[in-house]
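# Topology and contacts: notes
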Amino acid sequence: MKNAVGINKRELAAAAIGIWISAEANPARAAFGTNCLLRTSPLNQAMGILKRAYPDFIEDANEHVLVWRDRTQLKVQLFAPDRAQSEKIRNPDLAAQALQFYPIGNCEIPTDPDADPGRIRYAPFFAKMYGTDHAAVAANIVRVPWPSIARAPFVQVTKINGVAGRLTQVANELAAFPKPFHKYFDNPAGGFNARPIAGTQRPSAHAFGIAVDINTAQSDYWRDELNGAPGEPATWRHKAFPKNRIPFEIVEVFERQGFIWGGKWYHYDTMHFEYRPELLL
Ligand SMILES: [Zn+2]
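If you're wondering where the values come from, they're calculated on a predicted model, not measured in any experiment. (Residues numbered from 1 in each chain as written. Predicted model: local features only at pLDDT ≥ 70, side-chain atom pairs only at ≥ 80, totals over all residues.)

### Some details on the overall build of the chain
When helices and strands are counted, the chain shows nine helices and eleven strands. In the chain, of all internal contacts separated by at least 6 residues, the share reaching a separation of at least 24 is 61%. (Helix = DSSP H or I, 4+ residues; strand = E, 2+ residues; numbered from the N terminus. Contact = placed C-beta atoms within 7 Å.)

What follows is the structure, given as structure tokens:
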């Protein structure tokens, strides 16, 4: 049930406990339009959220250190916090990763080039859980049946952290959607894929088996505006500001299961969903 500004009950409850704050209190929210809420937390709290999001792996986490359940550690250093977002994406650290905030609600594709919540991925963090190389990740990849009539009706993701189980829940909910919605997730472009992010050397979320791309024919990707130019230009600007085509009803199904959506990024990728529960807690 939505109220006048499109904020649902869950969002209002979250706002009431003070984690999520509104536009008036948080100018960063303006980047995402007026229909969504944006959380901000200090580093210590953000690390605590990381611990809650990955209980199978994280024993403890604070602003100084992350302790894995096998007793190995990752040091948390806030390296040059004022770096541009594009630089944090290119050279990520764990603190910068923890200090990105994903908006909830039916947002607009943001107009602020720094609004890419989730694109900072510190690879050692993900490699520790999902596997340090292709073979290690592949050992935990399973097929999730998918409501698609066009291609092979499944997508491949990791079973670690319950990702496959959660995606199964997503698939079941999508299968029950009215017919006009099905063209968006029919013929999915895929899940596990050991590729780097296009135009970069960095492992993609697909390489860890935590991401799914739905139908490319119904989606928009910022790199398509580059006309095949290589690299990932730091100063890229939208030429033609895209109008998202993916219905928010579909986005909500994924978000409820811990998957963020690339349609909330300035560097938009509206086919892309990625298991990042820490950004939705
Ligand atoms: Zn993707």
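### What about helix 7 (residues 163–175)?
With 13 residues, helix 7 should reach 18 Å at 1.5 Å per residue; the first-to-last C-alpha distance of 18 Å fits that figure. Where helix 7 is concerned, the buried positions are Val-163, Ala-164, Leu-167, Val-170, Ala-171 and Leu-174. Down the axis of helix 7, the buried set is contained in an arc of 115°. They therefore lie on one face. Where helix 7 is buried, its residues contact strand 7 (141–145), strand 8 (154–158), helix 8 (182–185), strand 9 (211–213), helix 9 (248–256) and strand 11 (272–275). (Expected span 1.5 Å × (residues − 1). Buried ≥ 20, exposed ≤ 12 C-beta atoms within 10 Å, placed from the backbone. Arc of directions from axis to C-beta.)

### Digging into the pairing of strand 8
Burial analysis of strand 8 places four of its five residues in the buried class, the great majority of the element. Relative to strand 8, strand 7 is paired through five bridges, and the arrangement is antiparallel. Bridge pairing in strand 8 links Val-144 to Val-155. (Pairing = 2+ DSSP bridges.)

### What about the environment of Pro-124?
Along the chain, Pro-124 falls in helix 5 (residues 123–130). The exposed category is assigned to Pro-124, around which 11 C-beta atoms lie within 10 Å. Along the chain, Pro-124 and Asp-93 lie 31 residues apart, while their C-alpha atoms are 9.3 Å from each other.

### Observations regarding the sheet that holds strand 9
Two strands in a sheet stick together by hydrogen bonds in their backbones, pointing the same way (parallel) or opposite ways (antiparallel). In space, the three strands of this open sheet follow the order 9-11-10, with antiparallel pairing throughout. Taken across any chain shown, the strands that pair with only one partner, and hence form the sheet edges, are strand 9 and strand 10 (259–261). Here the average twist between neighbouring strands, direction ignored, is 25°. Direction of pairing for strand 10 relative to strand 11: antiparallel, over a ladder of three bridges. From the neighbouring strand, Ile-260 faces strand 11, where its bridge partner is Glu-274. (Axes fitted to C-alpha atoms, helices over the stretch in contact; angles between N-to-C directions.)

### What to know about the packing of helix 7 against helix 9
In helix packing, the relevant descriptors are the interaxial angle and the interaxial distance, both defined with respect to the helix axes. At their nearest, the axes of helix 7 and helix 9 sit 9 Å apart, and the two run at 150° to each other. Relative to helix 9, the element helix 7 is oriented roughly antiparallel. Here helix 7 and helix 9 pass one another in a crossing that is right-handed. Between helix 7 and helix 9, the contacting residues are Val-170, Glu-173 and Leu-174 on the first element and Ile-250, Val-253 and Phe-254 on the second. Considering only residue class, the contact of helix 7 with helix 9 consists of five nonpolar, no polar and one charged. (Parallel < 35°, antiparallel > 145°, perpendicular 65-115°, else oblique. Left-handed = near helix turned anticlockwise from the far one by under 90°. Nonpolar A, V, L, I, M, F, W, Y, C, P; charged D, E, K, R; others polar.)

### Structural notes on the nonpolar core
Within the largest apolar cluster, 64 residues are counted, with the highest numbers of intra-cluster contacts made by Val-157, Leu-167 and Ile-210. Per-element accounting of this core gives the leading share, six residues, to helix 7. Not counting residues within four places of it along the chain, the set of residues in contact with Val-157 comprises Ile-141, Val-144, Val-163, Ala-164, Leu-167, Gly-191, Phe-192, Gly-209, Ile-210 and Val-212. (Core = buried A, V, L, I, M, F, W, Y, C linked by C-beta atoms within 7 Å.)

### Considerations on the sheet that holds strand 4 (residues 65–68)
Reading across from one edge, 3-4-5 is the order of the three strands in this open sheet, with antiparallel pairing throughout. Bordering the open sheet on either side are strand 3 (58–61) and strand 5 (73–75), each of which pairs with just one other strand. Direction aside, neighbouring strands of the sheet carry axes that sit 15° apart on average. Relative to strand 5, strand 4 is paired through three bridges, and the arrangement is antiparallel.

### Observations concerning the confidence of the model for the chain
Averaged over all residues, the pLDDT of the chain is 84; the fraction at 70 or higher stands at 85%. Overall, residues 1–25 carries pLDDT values under 50, and its contacts beyond four positions in sequence, including any with other chains, amount to 33 contacts. (pLDDT = per-residue confidence, 0-100.)

### Topic: unusual backbone geometry
In this structure, Arg-71 takes a positive phi of about 80° despite not being glycine. The residue Arg-71 is located in the loop between strand 4 and strand 5 in this model. Unusually for a residue other than glycine, Asn-187 sits at a positive phi of about 55°. Relative to the helices and strands, Asn-187 resides in the loop between helix 8 and strand 9.

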